[in-house]
Amino acid sequence: MVLKTDVKIFLNYINGEWVESTNSEVEASISPANRDEIVGYIQKSSIEDLNKAVETASVAQKSWRKLSGAERGSYLYKVADILEARIDDIAETMTREMGKTLPEAKGETARGVAILRYYAGEGMRKVGDVIPSSDAGALMFTSRVPLGVVGVITPWNFPVAIPIWKIAPALVYGNAVVLKPAQETAVTAAKVIECFADAKLPNGIINFVTGRGTVIGQGLIDHPQVNGITFTGSDEVGKQVGLGALSRGAKYQLEMGGKNPVIVAEDADLDLAVEATISGGLRSTGQKCTATSRVIVHKDVYETFKEKLVSKVKEIKVGNPLEDGVWMGPSASESQLNTVLSYIEKGKEEGAKLLVGGNRIVDGELANGFYVEPTVFDEVKNDMTIAQEEIFGPVLALIKVDSMEEAIQVANDVKFGLSASLFTTNIQKMLDFMSDMDAGLVRINAESAGVELQAPFGGMKQSSSHSREQGQAAIEFFTAIKTMFVKGS
Ligand SMILES: NC(=O)C1=CN([C@@H]2O[C@H](COP(=O)(O)OP(=O)(O)OC[C@H]3O[C@@H](n4cnc5c(N)ncnc54)[C@H](OP(=O)(O)O)[C@@H]3O)[C@@H](O)[C@H]2O)C=CC1
Ligand SMILES: O=C(O)CCC(=O)C(=O)O
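Residues numbered from 1 in each chain as written. Chains lettered and ligands numbered in written order. Predicted model: local features only at pLDDT ≥ 70, side-chain atom pairs only at ≥ 80, totals over all residues. Heavy atoms only, no water.

**Examining the overall build of the protein**
When helices and strands are tallied, the protein shows 15 helices and 20 strands. For a compact globule of 489 residues, the expected C-alpha radius of gyration is about 23 Å, and the protein comes in at 23 Å, within 12% of that figure. Dimensions of the protein, computed from the C-alpha atoms along their principal axes, are close to 75 × 70 × 40 Å. Per-residue burial over the protein gives 58% buried out of 489 residues. Sequence-distant contacts in the protein: of pairs separated by 6 or more residues, those separated by 24 or more amount to 73%. Working note: accessible area of the protein is about 19,300 Å², and carbon and sulfur atoms make up 51% of it. Once the 50 positive and 63 negative side-chain charges of the protein are each reduced to a mean point, those two points are 5 Å apart. (Helix = DSSP H or I, 4+ residues; strand = E, 2+ residues; numbered from the N terminus. Rg over C-alpha atoms; globule rule 2.2 N^0.38 Å. Buried < 20%, exposed > 50% of the residue type's maximum accessible area, 1.4 Å probe, protein only. Contact = heavy atoms within 4.5 Å. Areas by Shrake-Rupley, 256 points an atom, 1.4 Å probe, with all protein chains shown as cover. Lys, Arg positive; Asp, Glu negative; His and termini not counted. Charge placed at Lys NZ, Arg CZ, Asp CG, Glu CD.)

Spelled out as C-alpha cells, the structure:
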C-alpha cells in the first residue's frame, strides 16, 4: 500500500511504549462522510503483538493490584484531566472517523471524562462486607479481588465512552487491560489511549492492539492469560465471545443488540413523544444499541402522531457532521450503509409502507459519503424483518395497536430486551409498563436512548449476558468475591 505522507500513522501501545506491529502492516481508517479522506493509518497487528500485550499485562498486574484503590484512582483523575483538555481534538477526530455530529461527539467525550472521575472515586469505596460467623470467636468477611488481565473488545458507535466505561472500572479494581477497539474507529481510540499513556500509568497496565476482530479479538478470547473479556457489539460476535470464554473458564460480559420500542398511549403528550422518538431513533444515525426502532402507537392517536412525526422527520438536515446546523451525519461505514439499505428493501418487500426517506443520499458532495435518508415505515406488522432484527440505522417502524395490553405484548415480542419507553400521562399505565416490560432500561416520558454513567446498564433476553455495566454494577464483573474466615489460635 502506498501511504499518504501527510496522514499520521497510529501505533500499538504495549508495555508503556508506542510500537509498530511486528508485521509492519497498516490499514487506512477512512471518513464515512468522504471516502477519499483518510483519518489515519492504524496497525493491522498479528497474534504475536497481542500475545506480547497480554504477557506484559499479566506481569504488570501483579504490582498494580498491590496499590491502594485510592492510588489507582488518582491515575484515573489524571487521565480525566488530560482527556478534558483534549475534548475538541478527540471529538473532531470521532466525528471525522465515524460520522456522528460534532456536538454529539463532544458530549460523548465529556461523558468519558465524567466516567473516569466517577471510577476514580470508586477507589475509595468499600470492597467487602462483614458477615456474622456462627463461630463467636471468628471474624468472617468478604473482599473483592481483581480478575487479572481483562480483554476489552469495543465497537465503533461510541468509540470514547464504551472503551472508557470498561477500562476505568477494570483498572480501579486492580486489573490490567488489553484493548482491541473496532478498526473503523481505531484512530479515535488511539487518542483516548494517549491520555492514559500521558498520565503515566505504570508500564503494561493498559495496552492497545489494533487489528482484525477475527485475529486480535479472537486472540483475546483464546488467550489462557486473559481472565475476563468484556464485549460490546453484534449479537453474532457476542455469542462467539461468550462461548469461547466459557470453554476455557474465563469470565465474560456481553452487551449486544436492541430492538427498542417506544409505546405511545392514547393519553400521551404527542409532541413530547414525537420529539423523543426522533431523538431516540435517529440521533447518531440510529447507531445506538438503545436507539428506538419500533414505534407502537394506540389507534386513537395513530394518525395524528404519524402526521406530526413525518412532518418533523422531513425537516431533519442531513450532511457533513462537522458542519454547524447539521442534525444527522452518515452511516459509520459502507457496510453499515448497505445493511441499512438492505433492511429498507426488505421492509418494502414484506409489505410495509414507506412514508418518508428510504434512499441513499447522493446529492453533490454527499455522494462520496455513506449517507442515508431518515426513514419511516407505516403499516408494519410485528413479524416483519424490520420489526424483529436490529437495523442500526435511521429507520423507524410504526405499528398500530388497539390497547395498552397489546402494546406491551408487541413490545416484548422480540428476542432483545435492552431499552423501552412509554409515553403516557396515566399512572396505572406507567406501573403496568414498569412491571411487564422485559427490558433492562425502562423509561417513561423519555427517549429510549440516554444512559447515565452512575446507573446499571444492560439488557434482558438476548441483549446481554445478563450482567450489568456502569455505576456500582461494574464491580460485579471486574472483581471476584473472596470470603475470608479468621480465628485466633
Ligand atoms: N450493541 C452495540 O452497541 C453495537 C451493535 N452492533 C451491531 O452489530 C452489527 C455489525 O457491526 P460490527 O461492527 O460488524 O460489529 P462486530 O460485533 O463485528 O464488532 C464489534 C467488535 O468485535 C470485534 N470482532 C469482530 N469479529 C470478532 C471475532 N471473531 N472475535 C472477537 N472480536 C471480534 C470487532 O473488531 P473489528 O472492528 O476489527 O471487526 C469490534 O471490535 C451492527 O449493524 C449492529 O447491528 C455494532 C456495534 C455496536
Ligand atoms: O445510549 C447510550 O448512551 C449508550 C448506547 C450504547 O451503549 C450502545 O449503543 O452501545
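Continuing now.
**Thoughts on the site of ligand 2**
Taken together, the neighbourhood of ligand 2 is formed by R111, N157, F158, I162, W165, T232, K288, C289, T290, G450, V451 and F457. The separation between an oxygen atom of ligand 2 and a polar main-chain atom of C289 is 2.5 Å. The backbone of G450 places a nitrogen or oxygen atom 3.4 Å from an oxygen atom of ligand 2. Calculation on ligand 2 without its partners gives an accessible area of 300 Å², and the protein chains cover 98% of this total. More than half of the atoms of ligand 2 fall within 2 Å of the grid points belonging to the second largest pocket. Across the shell around ligand 2, the residue classes tally to six nonpolar, four polar and two charged. Per-domain counts for the shell around ligand 2 show at least three residues from each of domain 1 (12-256 + 464-485) and domain 2 (260-452). (Near = heavy atom within 4 Å. Polar contact = N/O pair within 3.5 Å; in protein donor to acceptor, adjacent residues only side chain to side chain. 1 Å grid on protein atoms, 1.4 Å probe; cavity = no way out; pocket = protein on both sides within 12 Å on 5 of 7 lines; lining within 4 Å. Sits in = over half its atoms within 2 Å of the grid points. Nonpolar A, V, L, I, M, F, W, Y, C, P; charged D, E, K, R; others polar. Domains from an automatic or database assignment.)

**A short note on the pattern of salt bridges**
For the structure on display, the rule yields 25 salt bridges. The salt bridge partner of K166 is E469, with a shortest N-O separation of 2.8 Å. Placement of the pair is K166 in helix α5 (residues 161-172) and E469 in the loop between β19 (460-461) and α15 (474-478), with a sequence separation of 303 residues. The two residues K166 and E469 agree in class, both being buried. (Salt bridge = Lys/Arg side-chain N within 4 Å of Asp/Glu carboxyl O.)

**Comments concerning the packing of helix α2 (residues 69-85) against α5**
In contact at an axis separation of 9 Å, α2 and α5 are set at 150 degrees when each is read in the N-to-C sense. On the basis of their axis angle, the class for α2 and α5 is roughly antiparallel. Across the interface between the two elements, G69, R72, G73, L76 and L83 from α2 touch I164, A168, L171 and V172 from α5. Taken together, the residues of the contact of α2 with α5 break down into six nonpolar, two polar and one charged. (Axes fitted to C-alpha atoms, helices over the stretch in contact; angles between N-to-C directions. Parallel < 35°, antiparallel > 145°, perpendicular 65-115°, else oblique.)

**Comments concerning the domain arrangement of the protein**
Looking at the protein, the domain boundaries give domain 1 (12-256 + 464-485) and domain 2 (260-452). At the junction of the two partners, domain 1 supplies 24 residues and domain 2 supplies 28 residues. When domain 1 packs against domain 2, close to 2,200 Å² is buried across both sides, 54% of that on carbon and sulfur atoms. Looking only at domain 1, the three residues that lose the most surface to domain 2 are P32, R35 and W156, adding up to 25% of its buried area. Between D235 and K415 there is a salt bridge whose closest N-O contact spans 2.8 Å. For the side of domain 1 that touches domain 2, the elements supplying multiple residues, two or more each, are β4 (34-43), α3 (87-98) and α4 (102-122). The element contributing the most residues to the side of domain 1 that touches domain 2 is α3, with four residues. (Buried area = accessible area lost by both parts, 1.4 Å probe.)

**Digging into α3**
When the terminal C-alpha atoms of α3 are compared, their 16 Å separation across 12 residues agrees well with the 16 Å that a helix rising 1.5 Å per residue should span. Within α3, burial applies to I87, I90, A91, T93, M94, T95, E97 and M98. On its buried face, α3 sits against β3 (26-31), β4, α2, α4 and α6 (186-198). Of the residues flanking the end of α3, it is G99, one or two places downstream, whose phi is positive at about 95 degrees. (Expected span 1.5 Å × (residues − 1).)

**With respect to the UniProt feature "domain: Aldehyde dehydrogenase" (unreviewed entry) in the protein**
Mapped onto the present numbering, the UniProt feature "domain: Aldehyde dehydrogenase" (unreviewed entry) falls on residues 18-483. A helix fraction of 41% and a strand fraction of 20% characterise residues 18-483, whose end C-alpha atoms lie 40 Å from each other. (UniProt positions renumbered as here; feature names shortened; annotations may be inferred.)

**Details of the UniProt feature "active site" (unreviewed entry) in the protein**
Here the UniProt feature "active site" (unreviewed entry) sits at E255. Within the secondary structure layout, E255 lies in strand β10 (residues 251-255). Residue contacts for E255: discarding those within four places in its chain leaves F231, T232, G233, F457, G458, G459, S463, S464, S467 and E469.

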